[in-house]
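Architecture at a glance
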Amino acid sequence: MKITGLEIASLPSGRAAIELQTDTGLTGLAIVNAGAVTAAEALVREQLAGEDPRAAMGLWERMRSDPPNPLAPAVAHARAALDIAMWDLKAKANDEPLWKTLGGARRGARAHLAWDGPPDRRRRAEWLRRMRAETGIRCASLAASREPAEDLEALTDAAGILGASSPETSLLLRFDGTGWPGDVIRHVRGLERRFDLACVCSPVRPGDFAGAREVSDAIRAAVCIGRGLADARSFLPYLRHYAANVIELDLAVLGVSGCIRMADAAFGFELPVMLTAYPGQIAVHLFAALPTPMSVEIAYRDSVDPALVPDVTYEAGRVRAGMHPGHGLSIDRGAVAATGAPP
Amino acid sequence: MKITGFRFETYLMKLDRPIADCNLPEGLDLLPGSILFLETDENVTGIALGFGGGGIEALFPLIEGEDPREVTQLWLRINDYLHKLGNEGEAHAALGAIDIALWDLKAKIAGEPLWRTLGAREGRVKAYASGLDYCLDDDELFAFYRRLAKQGIDGGKLKVGLDVAADIRRLGIMREALSVASDHPVLMIDANEYWSPKQAVRYIHRMEQAYDIAWVEEPARRWDYQGLNLVSRQVTASVATGENLNSVADFYPLIANRAVDVLNVAASHSGITGCRQIAHMAHAWGLPVSMMNCQANFMAHAAAALPNHVGLEVVDCGREQCLRFDSRIEDGYILLGEAPGLGIDIDEAALARLQETPPAGRGRFPFPRREGAGRYIHPLQPGEVPWDHQAD
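Given the structure is predicted, the values throughout are model-derived calculations rather than measurements. (Residues numbered from 1 in each chain as written. Chains lettered and ligands numbered in written order. Predicted model: local features only at pLDDT ≥ 70, side-chain atom pairs only at ≥ 80, totals over all residues. Heavy atoms only, no water.)

1. Some details on the overall build of chain A
The number of helices and strands found in chain A is 13 helices and 15 strands. Over its C-alpha atoms chain A spans a radius of gyration of 20 Å, differing by no more than 12% from the 20 Å that the globule rule assigns to 343 residues. The dimensions of chain A, computed from C-alpha atoms along their principal axes, are 60 × 45 × 35 Å. For chain A, contacts bridging at least 24 residues in sequence account for 66% of all contacts bridging at least 6. (Helix = DSSP H or I, 4+ residues; strand = E, 2+ residues; numbered from the N terminus. Rg over C-alpha atoms; globule rule 2.2 N^0.38 Å. Contact = heavy atoms within 4.5 Å.)

Set out below in structure tokens:
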């Protein structure tokens, strides 16, 4: 099987679907931000054309080391998307779902709901309520605000909707990765007087492993690190300094290959892993195969994108990948056409 | 596709030449072997090669009726099952064997060589020569490394530990033998945990005055993270260790305490899944790994897919009497073929012959630890090795 090219379709959400073409007729799909399309085209042209996509791990390594600036956001996103598309192809070539290619079992993934829509209390509550009813998921990740009072409000809403007394319920707080340790500690300690938080994600600036450790030492919740980290080396200071209690694997920049490698490293350090949301909930496939999976993020934006057709089902608060070959995500061309997005 | 049964065969094999380290200078030429056959309802069989053990029967109910393609989750299931007992001893050997046979099956089902299933770009792995040579005289030592150097192998690992002057001389012999492959052969030494840390520092310091040494293997006990760290800081060579550990959990203290510079990884690290976990953990830490020797170099499949692999140990001592395999050494690399799975077929007739008429020879497997180890050097006794040494 050889890679022959890349087809791109713009999606109404502003993202793009990229489809790796092969000489067998099989195609591999991934979703990228529009800004990463050019980098993806260049990577295919310069590094992937003519290669066998079943060599995904090796090609991931080559893409990781060859470009002049492999950690530039557009390159990292494009590389990860192409890796995902190659794993999609690898599974399709075996005529099996990706979770099986990865050696996983068809087990439902524990999941948490993440509101990434506009800061609208009513809409957020509505979505959580609907998802709770439709999926049974009782865990949520809330974006931390600058005001502890707003966070208390959001946590109160979420705890009420999800059922705070259930042992299944977990509340996570996501910071935007710009905080100072002292501020974060004060902020979280205030919230912990009323709420039992499972995790605080990205509490300090990227690379501030000492700050992450300081936060971890001062609060009860676990400190979760990893969103946006595109390379094993970026995790190293956190591992060295015992500064992350949970590792977040961001499929959109680590790809499937990078997630497999970092998950094994996390297992070696006895650290649980969370999987960042990805269109079509395809991170569920990884949950089924990794050694210490904790939760998969289900994001509002992905859940309401009409162009995305995932192959997952929800059952008693768990997300289960389907049996379609590959990762199962497909694009509803009709929805794309209806919204007028260019093909 | 379901796992339906298994067959576990054991046998004895006589090597082409004796092998030894400083814990067993006189060496042995008889090794136990085992083959696990994992059977499925679709007439595809996975195999795993090992050195005995057993214990498959106790773990088999955990995988019976399951799809072998779900190998990493089956590994976890067994690992979790062993939680209280520990991933050790016979259970450890059984977990590793089952995992290897599952990966063989997974690749065979996909109709591709295992290196491709594991995502490698090519079935090609850098090799280095390792004589397990403490019992080889100087001429045999030269002949072994020259033979492999003629296949392009430009690195060698010498067994050392009991006589520094002789070890320096023999390192020179190895270097000379390898010089046809490279003007700058890579030299490594292996003490198999004989020394205490400070003994190691003094001994290696003297060897480093004569030669540039890439790594020293097991200069202190396998679990002694402080001792290994001390050696690593005081000598120029890297410290390699890990071959006798069981799993990624055992490597944690070594990595976290910076006690290892090169990780020796192996099939005995809880199979291919466990070995890969360790390599990936090392990769995150920026550390290289080196694959330990194995029959027919089958772990080259796993090594080919690792981003931080530096070289596979080739011993080439004749352990493949009942195996037909699809790999060869060329230009210093192990080249894996396109045969599905591990690319290894069992010669059942040869296996039956070995079982019916076990070979005779010298066997003290597993290697014991020698007198004085970790405390003082108990000198080589007359007749203990066939080369010149400082006998009392």
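2. Remarks on the packing of aromatic side chains
This model, assessed by the stated rule, comprises 11 aromatic pairs over all chains. Plain terms: the ring middles of A:Trp115 and A:Tyr300 are 4.3 Å apart, the flat faces sit at 40° to each other, and that makes the pair tilted. Placement of A:Trp115 in the loop between β4 (109-114) and α5 (121-135) and of A:Tyr300 in helix α12 (residues 300-303) is noted, with a sequence separation of 185 residues between them. By relative accessible area, A:Trp115 is classed as buried at 11%. With a relative accessible area of 15%, A:Tyr300 lands in the buried category. Where A:Phe269 meets B:Trp285, the ring centres are 5.4 Å apart and the plane angle is 20°; that geometry is what we call stacked. (Phe/Tyr/Trp six-rings, centres within 6.5 Å; stacked < 30°, edge-to-face > 60°. Buried < 20%, exposed > 50% of the residue type's maximum accessible area, 1.4 Å probe, protein only.)

3. Here's the deal with the nonpolar core
Grouped burial of nonpolar side chains is what soluble globular proteins tend to show. Within the largest apolar cluster, 251 residues are counted, with the highest numbers of intra-cluster contacts made by A:Leu82, A:Leu197, A:Leu249 and B:Leu263. Discounting residues that sit within four places of it in the chain, B:Leu263 has contacts with B:Thr241, B:Phe251, B:Ile255, B:Ile278, B:Ala282, B:Leu287, B:Pro288, B:Val289 and B:Ser290. (Core = buried A, V, L, I, M, F, W, Y, C linked by side-chain atoms within 4.5 Å.)

4. Regarding the pairing of strand β13 (residues 327-330) of chain B
As paired strands, β13(B) and strand β14 (residues 333-336) of chain B are joined by four bridges and run antiparallel to one another. Counted as the bridge partner of B:Glu330 is B:Tyr333 from β14(B). (Pairing = 2+ DSSP bridges.)

5. Some points on unusual backbone geometry
You will see that A:Asp95, though not glycine, has its phi angle at about 55°, which is positive. Its identity as a non-glycine residue notwithstanding, B:Glu218 has a phi of 45°, on the positive side. In this fold, B:Glu218 is placed in the loop between β7 (215-217) and α8 (225-234). Classification of B:Glu218 as buried rests on a relative accessible area of 0%.

6. Topic: the confidence of the model for chain B
Looking at chain B as a whole, the pLDDT averages 96, with 99% of positions reaching at least 70. In the predicted complex, the global pTM is 0.93; the interface-specific ipTM is 0.87. (pLDDT = per-residue confidence, 0-100.)

7. Observations concerning the packing of helix α3 (residues 89-110) of chain B against helix α10 (residues 271-284) of chain B
All names here are of chain B. At a minimum axis distance of 5 Å, the contact between α3 and α10 shows a crossing angle of 95°. By the angle class used here, α3 and α10 are roughly perpendicular. From α3, Gly96, Asp99, Ile100 and Trp103 reach across to α10, where they touch Gly271, Ile272, Thr273 and Arg276. (Axes fitted to C-alpha atoms, helices over the stretch in contact; angles between N-to-C directions. Parallel < 35°, antiparallel > 145°, perpendicular 65-115°, else oblique.)

8. Brief notes about the layout of surface pockets
Residue and element names in this part refer to chain A. Put simply, the second largest pocket is a space of about 810 Å³. As for the second largest pocket, its lining consists of 39 residues, of which Trp115, Asp116, Gly117, Arg174 and Arg227 are closest to the centre. Within the residue set of the lining of the second largest pocket, elements represented by two or more residues are β3 (27-33), α3 (73-93), α5, β5 (139-143), α6 (148-162), α10 (251-268), β11 (293-299) and α12. Taken together, the residues of the lining of the second largest pocket sort by class into 18 nonpolar, seven polar and 14 charged. (1 Å grid on protein atoms, 1.4 Å probe; cavity = no way out; pocket = protein on both sides within 12 Å on 5 of 7 lines; lining within 4 Å. Points joined across faces, edges and corners; volume = space filled by probe spheres on them. Nonpolar A, V, L, I, M, F, W, Y, C, P; charged D, E, K, R; others polar.)

9. What to know about the sheet that holds β3(A)
Strand pairing in a sheet is mediated by backbone hydrogen bonds. Such pairs are either parallel or antiparallel. All names here are of chain A. If you walk across this open sheet you meet the three strands as β1-β2-β3, and the pairing is antiparallel. Of all the strands in the sheet, just β1 (3-10) and β3 have a single pairing partner and so form its edges. Averaged over all neighbouring strand pairs, the angle between strand axes comes to 25°, with direction disregarded. Inspection of the sheet shows β1 paired to strand β2 (residues 15-22) by seven bridges, in the antiparallel sense.

10. A short note on the interface of chain B and chain A
Between chain B and chain A, the contact holds 32 residues from the first and 39 residues from the second. Here chain B packs against chain A, burying approximately 3000 Å² in sum over the two surfaces, 55% of which is carbon and sulfur. Three residues, B:Gln73, B:Arg121 and B:Trp285, lead the burial of chain B against chain A; their summed loss comes to 23% of the area buried on that side. On inspection of chain B and its partner chain A, the count reaches six salt bridges. In this structure, B:Asp67 and A:Lys100 form a salt bridge, with 2.5 Å as the shortest nitrogen-oxygen distance. Inspection of the region where chain B meets chain A yields 19 residue pairs in polar contact (both at pLDDT 80 or more). (Buried area = accessible area lost by both parts, 1.4 Å probe. Salt bridge = Lys/Arg side-chain N within 4 Å of Asp/Glu carboxyl O. Polar contact = N/O pair within 3.5 Å; in protein donor to acceptor, adjacent residues only side chain to side chain.)

11. Focus: the packing of helix α1 (residues 37-48) of chain A against α3(A)
All names here are of chain A. Packing of α1 against α3 leaves a shortest axis separation of 8 Å and a crossing angle of 60°. On the basis of the axis angle, α1 is oblique to α3. Crossing geometry of α1 relative to α3 is assigned as right-handed. Of α3, the residues touching α1 (which contributes Ala39, Ala40, Leu43, Val44 and Leu48) are Ala74, Val75, Ala78, Arg79, Leu82 and Met86. When its residues are assigned to classes, the contact of α1 with α3 shows 10 nonpolar, no polar and one charged. (Left-handed = near helix turned anticlockwise from the far one by under 90°.)

12. A word on the environment of B:Lys14
All names here are of chain B. Residue placement: Lys14 occurs in strand β1 (residues 3-19). Given the relative accessible area of 33%, Lys14 is considered partly exposed. In the structure, Lys14 is positioned 82 residues away from Gly96 in sequence and 24 Å away in space, judged by C-alpha atoms. In contact with Lys14, other than residues within four places in its own chain, are Asp29, Leu30, Gly318, Gln321, Pro359, Ala360 and Gly361.

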